[in-house]
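# Geometric and topological summary
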Amino acid sequence: MLLRSWVEAEDLGGRVAWVSVERGERDGQRFWVAVVHEVAAAVSGDRLVRHVSPAPGLLAHVVVERLLADLQALEHPVVLVIDDLHELDSTDGLDCLELFLQRVPAQMRVALGTRVEPRLGLHRLRLEGVLTEIRDPDLRFSIPETRELLEEAGISLSDGAVALLHHRTEGWAAGLRLAAITLAGHPDPERFVTEFCGGDRNVGDYLLAEVLERRTPEARDLLLRTSVLDRVSGPLADVLTGGSGSERILQCLEDHNAFVTALDAGRSWFRYHRLFADLLERELRRTDATIIRPLHRAAARWYEQHEYVVEATRHAQAGHDWSHAGRMLAEHFLDLTLDGRAATIHALLAAFPTEAQATDAELAIAFTGAAIMDGAVDEADVHIRHAEGLATGVPAERRRRFDLRVSGMRVWLACWRGDLEALSEAMRSLQAALAAPMPQELALDKDVYAMALVNLGTAELWASQLEDARRDLQRALALARRIRRPYLEISCLAYLGLASVLNGSPFSVMVELADEAVTIGESNGWGEHPVLASALAVRGTAYVWLGRFQDAERSLDRAERTLRHDREPGLVFLLQYGGGLLRFAQGRLDDALAAFRAAEGVQRLLASEHALGVALQSRLVHTHVALGDTVAARACLAGIDPQLRDRTVLRVSEAALCLAEGRPQDAVDVVAPALEPVDEPIRFAGSRIQALLYDAVARDRLGDPRAAERSLDRALELATTQRLILPFVLPPARDLLKDHPRRRTADPAQLTAILEVLAGCSPPTDEAMPRSDELSPAELRVLSYLPGSLKADEIAGELYLSANTVRTHLRHIYAKLDAHTRREAVTRARERGLFVRR
């Protein structure tokens, strides 16, 4: 009340951010996301505060640092009120609040309302004289203030009675308010004060009894029965009382200032003053304790029907309905996780008794997910085995949901372990579960479906099942967008980019998809979140192949900062491999070898070969050769499975060793099978380009410059389609190109870019590359769909892009072609011969 009165008196024109901490709030991230939301709304006219969304693993201090940075440009006063701070049970959240208070900008004032001493180091603020503290003596009513309160309530008492009442309540504001409610309309106020002050009964209990006595039976019953709730609405109160008209009663109680406060402008949700609620609940236990558990169970059912999962689970637990609580937590574990409520999940799990954990299969699934999120994979394996052992007890109507969750958890667990054998078995089970159309009973499990598809597609990618990976990641991306889960979109886009390149798409596709993933992350406030590691690692690796080494270093360094190395070893492998590739291209050979060795160490932790495992073995051979250690290179090559030695990437490694040992003819012979014409499209051009370059180097050393130039021209021609630069700047190919700088058959822009990188400059980006048609590769891909009938949303689906990205490309296409309609754009593009590139 005091805080609201103060805010109104300040007349700040709405520049007030008010955050009420929910009871028992354990998620520091959730608290700070709420603070950002309210502050952003309060200063919306300034457009200062950037949006942030909850996410698994989002650290509160990252949110706070971002908020503090945004508020540095604050020009006008704003007030932040944090009410019920004592309810914040998060060490991380409180630590961040202490940090925020120490660095809060001068234009912001922060007011904290709490019933207990906050766990904050406020001594520095006291010493600096910037902390105002209003404590018990300041809040305690004086005798004149007591009289003023009573007079405003229309109560007339003698001076002696006022002094007596003040003494009995010790100036306690809530106690005086309870007394005023009781005295209003009392036939003999003086006698009431005498009786009240003459007994030794607890002040709160005495006054509560008097307040309830003066209510109608319906209001009294409503107050007592709903005291088990943290907040109450009319429909919910109707369920607990078995009556009707509860909303009207609650509104009437608020109108009479009877410790009932509306929480929304429509006055549909209310809460009781905490003191009042505690007194009511104590009175309910005294008068009818047997109905408390049934009330909690009824509340749980109502909350579940209205999709308030956490409240429903808490009330089911309070009502000792453990199976109901376990089922709800299992069903909603994933959406709570994606909403960043890990601490809440752990608190709910901790509230289950041992016997419930031992006998509930669905609850065991929730324990499995929590363990995986904590990185405790061995513990997760124990829980999932326990769940499978109890599967026969799952009711038939929920069995398919249960099986889908088990399969999804198995894939998730196998992904993190890198156990391809277990992954293969889990994938078959999950593929079968996902092959059929989504049944009606799973309509609410779209989060589970989407996550299962993400895990399946990722697993298929690392297992080199590229077509399956693209299919399932595309399905996951479409579903993630439909259910508005940007967190899941990010991994889908990143891994779709990698799968597409390994399947033959240009590296620009890989960059574009990774860029969109990063944009999504940054727009949600996840710029330093581990979820971006996949997109940053994929983009950085693509930049290496495109010769954009500075961009690659920035992206890979950022991925290294955000990645949690105890998670998803397949991604850790990719990051180490990409880093090694970059350092090798930069000539930092010892660093490259260290990075490749680190990736090799991750490979040993995996139960099966990573999709880039053979490429890693090839790079190790190349690095040893570049370091002049042919003995180590040959030993490395000898340790590779003979069945793999026929792959182009390994033939290139052997050719490098042959050249280092002075055997150019052997190098020609080794790469010859890789250069034979093939009927099928080349999936990944990088290895074939390197084979052509080593053939050119070998033939040049054999004294056949024309044959060398033919192979060099073929390599340049093949590289132009994907704008690849990396193979030409690695030894010994770079020396060859320096000796043959003018290639008449090469694309001038591509050759210029390669020579600039060789000279130590960065190549132009796709957007800056000089092109006769002026359209970027991304715009050309969108353009190729315009003669058809697909709409922007459908084109987006074909290209794995968001509809907004496609519309942006369309605007650029129209502008560059000087077209105003789709038909005009198609006509102009045909006139310029742009569709030839499709």
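Small disclaimer: the values here were computed from a predicted structure and weren't measured.

## Let's talk about the overall build of the chain
Counting secondary structure elements, the chain contains 45 helices and 6 strands. Along the first, second and third principal axes, the C-alpha atoms of the chain reach 120 × 65 × 55 Å. Out of the 838 residues belonging to the chain, those deemed buried represent 54%. Long-range pairs, those at least 24 residues apart, make up 65% of the contacts in the chain with a sequence separation of at least 6. Here the chain displays about 37,500 Å² of accessible surface, and carbon together with sulfur accounts for 49% of that area. The averaged location of the 122 negative side-chain charges in the chain is 4 Å from the averaged location of its 99 positive side-chain charges.

## Focus on a negative patch on the surface
Taken together, the side chains of Glu145, Glu148, Glu151 and Glu152 present a region of like negative charge at the surface. Among the secondary structure elements, Glu145 is positioned in helix 7 (residues 143–152). A relative accessible area of 38% places Glu145 in the partly exposed class.

## Quick look at the sheet that holds strand 6 (residues 269–272)
One open sheet accounts for 3 strands, arranged 4-6-5; its pairing is antiparallel. Two strands lie at the open edges of the sheet, namely strand 4 (232–233) and strand 5 (260–262), each paired on one side alone. Alignment of strand 4 against strand 6, held across 2 bridges, turns out to be antiparallel. Paired with Ser233 across the bridge in strand 6 is Trp269.

## As for the nonpolar core
Core analysis: the largest hydrophobic core is formed by 267 residues, its most contacted members being Trp32, Tyr272, Phe728 and Leu783. The greatest single-element share of this core, amounting to 12 residues, is contributed by helix 27 (residues 486–502). With residues up to four places along the chain from it excluded, the contact list for Leu783 reads Leu775, Ile813, Leu817, Ala829, Leu834 and Phe835. One finds Ile155, Leu165, Ala179 and Phe196 within the second-largest nonpolar core, a separate group that totals 13 residues.

## Remarks on a nonpolar patch on the surface
There is a patch of nonpolar side chains on the surface, built from Leu2, Ile134 and Leu139 and spanning about 280 Å² of accessible area. Relative to the helices and strands, Leu2 resides in helix 1 (residues 2–10).

## Side note on the sheet that holds strand 2 (residues 78–83)
Strand order in the open sheet formed by 3 strands is 1-2-3, with parallel pairing between adjacent strands. One side of each edge strand has no neighbouring strand; the edge strands of this open sheet are strand 1 (16–20) and strand 3 (108–112). The sheet shows a mean angle of 15 degrees between the axes of neighbouring strands, direction not considered. Here strand 1 pairs with strand 2 via 5 bridges, running parallel. Bridging across to strand 2, Trp18 finds its partner in Val81. Lying on the sheet, helix 2 (residues 28–42) is in contact with strand 1, strand 2 and strand 3; it crosses strand 1 at an angle near 155 degrees. This element, helix 4 (residues 91–103), spans strand 2 and strand 3 of the sheet and lies at about 140 degrees to strand 3.

## Description of the pairing of strand 3
The two faces of the sheet receive side chains in turn, since in a regular strand these alternate between them. With 5 bridges connecting them, strand 2 and strand 3 associate as parallel partners. Opposite Val81, over in strand 3, you have Ala111 as the bridge partner. A crossover connection joins strand 2 to the parallel strand 3 through helix 4; in handedness this β-α-β unit is right-handed.

## A word on helix 28 (residues 507–523)
Counted at 1.5 Å a residue, the expected span for helix 28 with its 17 residues is 24 Å, and the 24 Å between its end C-alpha atoms agrees. Counted residue by residue, helix 28 has 13 buried out of 17 residues, so it is predominantly covered. Downstream of helix 28 by a residue or two, Gly525 has a phi angle that is positive, lying close to 80 degrees.

## Side note on the packing of aromatic side chains
In total, this model carries 12 aromatic pairs according to the counting rule given. Aromatic pair Trp302 and Tyr303: ring centres 5.5 Å apart, planes at 80 degrees, arrangement edge-to-face. Taken together through their ring pairs, the aromatic side chains of Trp269, Trp302, Tyr303 and Tyr308 make up a single cluster.

## Some words on helix 38 (residues 705–722)
One full turn of an α-helix is made of 3.6 residues, so residues set three or four places apart face in the same direction. Between its first and last C-alpha atoms helix 38 spans 26 Å; for 18 residues at 1.5 Å apiece the expected length is 26 Å, and the two agree. If you check which residues of helix 38 are buried, you get Ala707, Ala708, Ser711, Leu712, Asp713, Ala715, Leu716, Ala719, Thr720 and Gln722. Downstream of helix 38 by one or two residues, Arg723 has phi in the positive range, about 60 degrees.

## A closer look at the packing of helix 2 against helix 3 (residues 60–71)
For the pair helix 2 and helix 3, interaxial distance at closest approach is 9 Å and the crossing angle is 20 degrees. Overall, the two elements helix 2 and helix 3 adopt an arrangement that is roughly parallel. Once helix 2 is placed against helix 3, the crossing between them reads as left-handed. Of the residues in helix 3, those in contact with Gly28, Gln29, Trp32, Val35, Val36 and Val39 of helix 2 are Ala60, Val63, Val64, Leu67 and Leu71. Classifying every residue of the contact of helix 2 with helix 3 gives 9 nonpolar, 2 polar and no charged.

## Considerations on the side chain of His383
Along the polypeptide, His383 turns up in helix 22 (residues 377–389). Leaving out residues up to four positions away in the same chain, His383 has contacts with Ala364, Phe367, Thr368 and Ala371.

## A word on the environment of Thr808
With respect to the element layout, Thr808 can be found in helix 44 (residues 803–816). In this structure, the C-alpha to C-alpha distance between Thr808 and Glu779, residues 29 residues apart in sequence, is 9.3 Å.

## Comments concerning the environment of Asp590
Mapped onto the fold, Asp590 is located in helix 32 (residues 589–605). Taking the C-alpha atoms as reference points, Asp590 and Leu627, separated by 37 residues in sequence, lie 8.0 Å from one another.

## Section: the pattern of salt bridges
This structure, assessed with the given rule, holds 48 salt bridges. Arg285 is paired through a salt bridge with Glu281; the nearest N and O atoms lie 3.5 Å apart. In this pair, Arg285 and Glu281 are both assigned in helix 15 (residues 274–288), 4 residues apart and thus about one turn of the helix distant. Linking Arg471 and Asp472 is a salt bridge whose minimum nitrogen-to-oxygen distance equals 3.0 Å.

## Overview of the confidence of the model for the chain
Residues of the chain with pLDDT of at least 70 account for 91%, and the chain-wide mean is 85. Per-residue pLDDT stays below 50 along residues 766–773; that stretch engages in 21 contacts with residues further than four places along the chain or on separate chains.

## Here's the deal with the environment of Ser142
Tracing the backbone through its elements, the reader meets Ser142 in the loop between helix 6 (136–139) and helix 7. Measuring from C-alpha to C-alpha, the distance between Ser142 and Leu390 comes to 65 Å, with 248 residues separating the pair along the chain.

## Some points on unusual backbone geometry
Although it is not a glycine, Asp84 adopts a positive phi angle of roughly 60 degrees. Tracing the sequence through the fold places Asp84 in the loop between strand 2 and helix 4. One non-glycine residue with positive phi stands out, namely His320, at about 55 degrees. If you trace the backbone, His320 turns up in the loop between helix 17 (309–318) and helix 18 (322–338). What makes His320 partly exposed here is its relative accessible area of 36%.

## So, the side chain of Arg15
Examined against the element boundaries, Arg15 turns out to sit in the loop between helix 1 and strand 1. Of note is the side chain of Arg15, whose polar atom sits 3.1 Å from the backbone oxygen of His76.

Conventions we followed
- Residues numbered from 1 in each chain as written.
- Predicted model: local features only at pLDDT ≥ 70, side-chain atom pairs only at ≥ 80, totals over all residues.
- Heavy atoms only, no water.
- Helix = DSSP H or I, 4+ residues; strand = E, 2+ residues; numbered from the N terminus.
- Buried < 20%, exposed > 50% of the residue type's maximum accessible area, 1.4 Å probe, protein only.
- Contact = heavy atoms within 4.5 Å.
- Areas by Shrake-Rupley, 256 points an atom, 1.4 Å probe, with all protein chains shown as cover.
- Lys, Arg positive; Asp, Glu negative; His and termini not counted.
- Charge placed at Lys NZ, Arg CZ, Asp CG, Glu CD.
- Patch = residues over 30% accessible without salt bridge, like charges linked within 9 Å, V, L, I, M, F, W, Y side chains within 5 Å.
- Salt bridge = Lys/Arg side-chain N within 4 Å of Asp/Glu carboxyl O.
- Pairing = 2+ DSSP bridges.
- Core = buried A, V, L, I, M, F, W, Y, C linked by side-chain atoms within 4.5 Å.
- Axes fitted to C-alpha atoms, helices over the stretch in contact; angles between N-to-C directions.
- Right-handed = clockwise from strand over helix to strand, strands pointing away.
- Expected span 1.5 Å × (residues − 1).
- Phe/Tyr/Trp six-rings, centres within 6.5 Å; stacked < 30°, edge-to-face > 60°.
- Parallel < 35°, antiparallel > 145°, perpendicular 65-115°, else oblique.
- Left-handed = near helix turned anticlockwise from the far one by under 90°.
- Nonpolar A, V, L, I, M, F, W, Y, C, P; charged D, E, K, R; others polar.
- pLDDT = per-residue confidence, 0-100.
- Polar contact = N/O pair within 3.5 Å; in protein donor to acceptor, adjacent residues only side chain to side chain.

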